[in-house]
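Structural features, examined
Chain by chain, the residues:
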Amino acid sequence: MLHNQSFLRTPGPTPIPQQVTHAMNQPMIGHRSQSFAQLFKGTSERLKPIFGTEQPVYTLTSSGTGALEAAVLNVTKPGDEIISVVAGAFGDRFASICEHHQLVTHRIEVPWGESVDQQELISTLHAHPNAKAVVMTYNETSTGVMQPIQELTKIVHDHSYALALVDGVSCIGAVPAQMDEWGIDILVTGSQKAMMLPPGLAFISASERAWDVIEQVDSSSFYFDLKAYHKQYENGMTPYTPAVSLIQGLKEVCTMLEEETLEKVYKRHVVMKDMTRAAFRALGLPLLTSDQDASPTVTAVKATEGLKVDEFRNHVRDRYGLSLAGGQKKLKGEIFRVGHMGYCSPIDVLTTLSIIEMGLVDCGISIELGAGVKAAQEVYINDVSNSSK
Ligand SMILES: *Cc1c(COP(=O)(O)O)cnc(C)c1O
């Protein structure tokens, strides 16, 4: 095997396009220079359509979790009530951030692999009319469920005065987001999932309604106080030293997304999801989620009879260079997850599926080699003939 050839199909981090790597290798520039201001004004502006907002999108130097914490700490103070939709490990993390900061957190525990029951959300909103915010995960990476965030946000506003805070980390840039139109109050994402960048940046934007609250709250975080980011935003700068190289890469990412067009980027992810699901169905491996809940960026597959998922993952990594993710927390050992987001094409999906088939055979699972790939090819061929490419 070529030792440097590897296939990173975890749902974060994800592969980096070569032109982005090149852009990140440019000489360093000072973050108080005019060149930086010009670069940063450009990338900040170009993030807006990806978020679906006219509001500023702030770039933080942190992983996604930092921006989740920023979202919470800028609109609450200890003792405030929060409603938290927990549909998996990342919903649990968002709730844990709230609990860590002494917020009274009412968790809606959703069975892992499903999206929240809308009636239950409504009744929880009515039960806690003082809730300051509802925290929700758009795409629950640990289960491969994409929640209907537009509907959920509407429910929050129809039934409460709470702000809707949304973790969009593993899907923004790969699926539609209309923050303003849908009424999302704070939307967050990270660099290393669908945004085709290395880990290290997070992006966050807040609605006018959220800003009314932010201005009243004395953020308990110094580093993540959004007021400081806003103050520097108009100058094309950040309050503290930003990850300049990643922002140089981000400029290239914006160009790639614009050249493909967001509409086609979103379509590509749906096709990759449909290909992946068709393949596992053809192979007889059970999927964790329903078609309706299925995420366009990550697919969770249940361990079929006799398959030790973690041994299987180690095997495909060592033998074929394919990295897959396992289950997290209560799904550990129960599922494996295939990422198909960011710098990933339908052709990459075919490669991934064919490696998975070989790995299954190597691990003694009886499947027909090629059956999954064939099902995925059929999905792709039909899509190609349907679209006017
Ligand atoms: C990856 C991810 C995060 C953030 O994780 P970091 O490791 O802090 O970048 C948050 N939410 C979701 C849904 C994620 O997929």
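Everything numeric here is computed off the predicted structure, so don't read it as measured data.

Conventions used here
Residues numbered from 1 in each chain as written. Predicted model: local features only at pLDDT ≥ 70, side-chain atom pairs only at ≥ 80, totals over all residues. Heavy atoms only, no water. Buried < 20%, exposed > 50% of the residue type's maximum accessible area, 1.4 Å probe, protein only. Helix = DSSP H or I, 4+ residues; strand = E, 2+ residues; numbered from the N terminus. Pairing = 2+ DSSP bridges. Near = heavy atom within 4 Å. Polar contact = N/O pair within 3.5 Å; in protein donor to acceptor, adjacent residues only side chain to side chain. Areas by Shrake-Rupley, 256 points an atom, 1.4 Å probe, with all protein chains shown as cover. Nonpolar A, V, L, I, M, F, W, Y, C, P; charged D, E, K, R; others polar. Contact = heavy atoms within 4.5 Å. Domains from an automatic or database assignment. Buried area = accessible area lost by both parts, 1.4 Å probe. Salt bridge = Lys/Arg side-chain N within 4 Å of Asp/Glu carboxyl O.

1. What about the pairing of strand β14 (residues 335–339)?
- In terms of residue burial, β14 counts as a mostly covered element, since 5 of its 5 residues are buried.
- Burial along β14 is two-sided: the residues Ile335, Arg337 and Gly339 and Phe336 and Val338 are all buried.
- Where strand β11 (residues 298–302) meets β14, 5 bridges bridge the pair, whose relative direction is antiparallel. Residue pairing across strands places Val298 opposite Gly339, the latter belonging to β14.
- With 2 bridges connecting them, strand β13 (residues 325–326) and β14 associate as antiparallel partners. By the bridge assignment for β14, Ala325 is matched with Arg337.

2. Considering the site of the ligand
- Taken together, 13 residues form the shell around the ligand, and within it Ser63, Thr65, Thr141, Asp167 and Lys193 come nearest.
- Gly64 places a polar main-chain atom, nitrogen or oxygen, 2.9 Å from an oxygen atom of the ligand.
- Residue Gln192 places a side-chain N or O atom 2.8 Å away from an oxygen atom belonging to the ligand.
- Considering the ligand on its own, with 380 Å² of exposed area, one finds that the protein chains cover 89% of that surface.
- Residue assignment for the shell around the ligand shows that the elements contributing at least two residues are α3 (64–75) and α4 (89–100).
- Residue composition of the shell around the ligand, grouped by class: 2 nonpolar, 8 polar and 3 charged.

3. Things to note about the side chain of Ser219
- Here Ser219 lies in the loop between α8 (208–216) and α9 (226–233).
- For Ser219, a relative accessible area of 12% gives the class buried.
- One polar contact links the side chain of Ser219 to the main-chain carbonyl oxygen of Ser221, over a distance of 3.0 Å.
- Apart from residues no more than four positions distant in its own chain, Ser219 is found in contact with Leu73, Asn74, Asp225 and Lys227.

4. Side note on the domain arrangement of the protein chain
- Assigned domains within the protein chain: domain 1 (18–258) and domain 2 (261–387).
- Placing the centre of domain 1 and that of domain 2 at their C-alpha centroids yields a distance of 28 Å.
- Contacts between domain 1 and domain 2 engage 29 residues on the former and 23 residues on the latter.
- Between domain 1 and domain 2, roughly 2,200 Å² of surface is buried when both sides are summed, and carbon and sulfur atoms account for 61% of that area.
- Of all residues in domain 1, Trp112, Ala174 and Leu257 bury the most surface against domain 2, accounting for 24% of the area lost on that side.
- At the boundary of domain 1 with domain 2, the tally comes to 1 salt bridge.
- Between Lys329 and Asp92 there is a salt bridge; the shortest N-O distance is 2.7 Å.
- Scanning the region where domain 1 abuts domain 2 turns up 10 residue pairs in polar contact (both at pLDDT 80 or more).
- Contributions of two or more residues to the side of domain 1 that touches domain 2 are made by α2 (34–51), α4, β7 (145–146) and α10 (244–260).

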